[in-house]
Amino acid sequence: MSVMGRCRVPHLLVLLTFVFSGERIEAQRAGCKNVHYDLVFILDTSSSVGKEDFEKVRQWVSNLVETFEIGPDKTRVGVVRYSDRPTTEFDLGKYKTREEIKEAARKIKYYGGNTNTGDALRYIKTYSFSKEAGGRLSDRTVKKVAILLTDGRSQDYVLDPATAAHQAGIRIFAVGVGEALKEELDEIASEPKSAHVFHVSDYNAIDKIRGKLRRRLCESK
């Protein structure tokens with residue numbers, strides 16, 4: 001093979017990888033095309049996470065958003081971060097396009113502090129899906145979904161606020177990293193637990209569950 005031919009092969013492989021990656025993302029979007037969500041990420045920003053690992057969390061959120069049909073009449077995305085107390089990073093109604101949300105996800109603030117997961121669950125139940133926050137309460141075809149990511153034991157109780165959120169029609173996925181407690185993740189997550197609880201060894205592994213999480217999310221419930 002000529003030098004020119006050898007040079008073309010890597011470029012061709014890069015091009016094919018890009019094309020197939022694009023096709024895979026389009027196929028993932030198509031899988032949920034007929035289901036629209038008010039989707040809120042609940043992100044643990046306590047001191048145990050650390051700045052370096054939280055950068056991986058930002059990228060994980062951005063990557064997940066890439067696979068949804070985003071728009072005012074499609075899926076809306078909001079983010080709540082919590083440590084000592086929960087805080088809205090951005091509401092469901094704030095951003096209208098996928099690129100706007102991905103850009104905002106890459107800028108989510110990290111503060112450190114304690115891990116008050118119960119407070120975060122109360123907060124999303126009372127505020128994050130409300131009309132004020134951009135929630136579509138009057139549209140029964142829109143599913144309310146929360147994805148909670150944490151890496152440790154909560155310093156407050158989670159069962160009662162989680163149950164209240166479930167009763168309010170919020171479907172919760174609980175993603176635990178490292179030393180997150182399985183029993184606590186089970187208390188947080190919706191039924192069946194086997195479909196709504198995920199656990200990975202460290203933050204390097206969270207992107208590996210992205211496809212599985214999204215498939216479970218797209219299954220009608």
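Details of the structure are given in the entry above.
I will try to describe carefully the structure that is included in this document.

The rules we used
Residues numbered from 1 in each chain as written. Predicted model: local features only at pLDDT ≥ 70, side-chain atom pairs only at ≥ 80, totals over all residues. Heavy atoms only, no water. Pairing = 2+ DSSP bridges. Helix = DSSP H or I, 4+ residues; strand = E, 2+ residues; numbered from the N terminus. Axes fitted to C-alpha atoms, helices over the stretch in contact; angles between N-to-C directions. Contact = heavy atoms within 4.5 Å. Phe/Tyr/Trp six-rings, centres within 6.5 Å; stacked < 30°, edge-to-face > 60°. Buried < 20%, exposed > 50% of the residue type's maximum accessible area, 1.4 Å probe, protein only. Arc of directions from axis to C-beta. Polar contact = N/O pair within 3.5 Å; in protein donor to acceptor, adjacent residues only side chain to side chain. Salt bridge = Lys/Arg side-chain N within 4 Å of Asp/Glu carboxyl O.

With that settled, the discussion passes to the sheet that holds strand β2 (residues 76-82). Strand pairing in a sheet relies on backbone hydrogen bonds. The paired strands run either parallel or antiparallel. Spatially, six strands are ordered β3-β2-β1-β4-β5-β6 in an open sheet, and the strand pairing comes out mixed. Lying at the two open borders of the sheet, with one neighbouring strand each, are β3 (86-90) and β6 (197-200). Adjacent strand axes in the sheet meet at a mean angle of 20°, parallel and antiparallel pairs treated alike. Pairing between strand β4 (residues 142-150) and strand β5 (residues 170-177): seven bridges, direction parallel. Each bridged residue has a counterpart across the sheet, and for isoleucine 147 the counterpart in β5 is phenylalanine 173. Sheet strands touched by helix α8 (residues 210-218): β1 (36-44), β4, β5 and β6. Its angle to β5, the strand with the most contacts, is close to 165°.

With the rule as written, the count across this model stands at five aromatic pairs. Here the aromatic rings of phenylalanine 90 and tyrosine 95 are separated by 5.1 Å at their centres, their planes lie at 75°, and the arrangement is edge-to-face. Residue phenylalanine 90 is classed as buried on the basis of its relative accessible area of 3%. Aromatic side chains tyrosine 123 and tyrosine 127 sit 5.6 Å apart centroid to centroid with 45° between the ring planes, which places their arrangement in the tilted category.

This brings us to helix α5 (residues 159-167). Among all positions of α5, only Pro161, Ala162 and Ala165 are buried. Viewed along the axis of α5, the buried residues span an arc of 100°, placing them on a single side of the element. Relative to its buried face, α5 has exposed residues pointing more than 90 degrees away, namely Asp160 and Gln167. Buried residues in α5 make contact with α4 (117-128), β5 and α6 (182-188). Once α5 ends, the next one or two residues include glycine 169, with phi positive near 90°.

So, about the side chain of serine 128. Locating serine 128 in the fold gives a position in helix α4. Accessibility expressed as a relative area gives 4% for serine 128, which makes it buried. Discounting chain neighbours no more than four positions away, the residues touching serine 128 are Val40, Val80, Leu92, Tyr123 and Ala133.

Turning to the environment of histidine 196, a few remarks are in order. Following the sequence through the fold, histidine 196 ends up in helix α7 (residues 193-196). Overall, histidine 196 belongs to the buried group, its relative accessible area being 1%. Within polar-contact distance, the side chain of histidine 196 engages the side chain of arginine 171 at 2.8 Å. Reaching out from histidine 196, the side chain makes a polar contact with the backbone oxygen of serine 190 at a distance of 3.5 Å.

With respect to the element layout, serine 130 can be found in the loop between α4 and β4. Filtering out sequence-adjacent residues up to four positions away, serine 130 remains in contact with Gly135 and Leu137.

What follows concerns the pattern of salt bridges. Within the structure shown, the criterion is met by 14 salt bridges. Taking the shortest distance from any N to any O, the salt bridge between glutamate 103 and arginine 106 comes out at 3.3 Å. Looking at glutamate 103, the relative accessible area reads 36%, which means it is partly exposed. For the salt bridge of arginine 122 with aspartate 119, the shortest nitrogen-to-oxygen distance reads 2.9 Å. Of the two residues, arginine 122 and aspartate 119 both sit in helix α4, three residues apart, roughly one turn of that helix. Overlapping salt bridges, with partners in common, bring together Arg81, Glu89 and Lys109 in one network.

Such coordinate-based values are descriptive only and should not be taken to indicate function.
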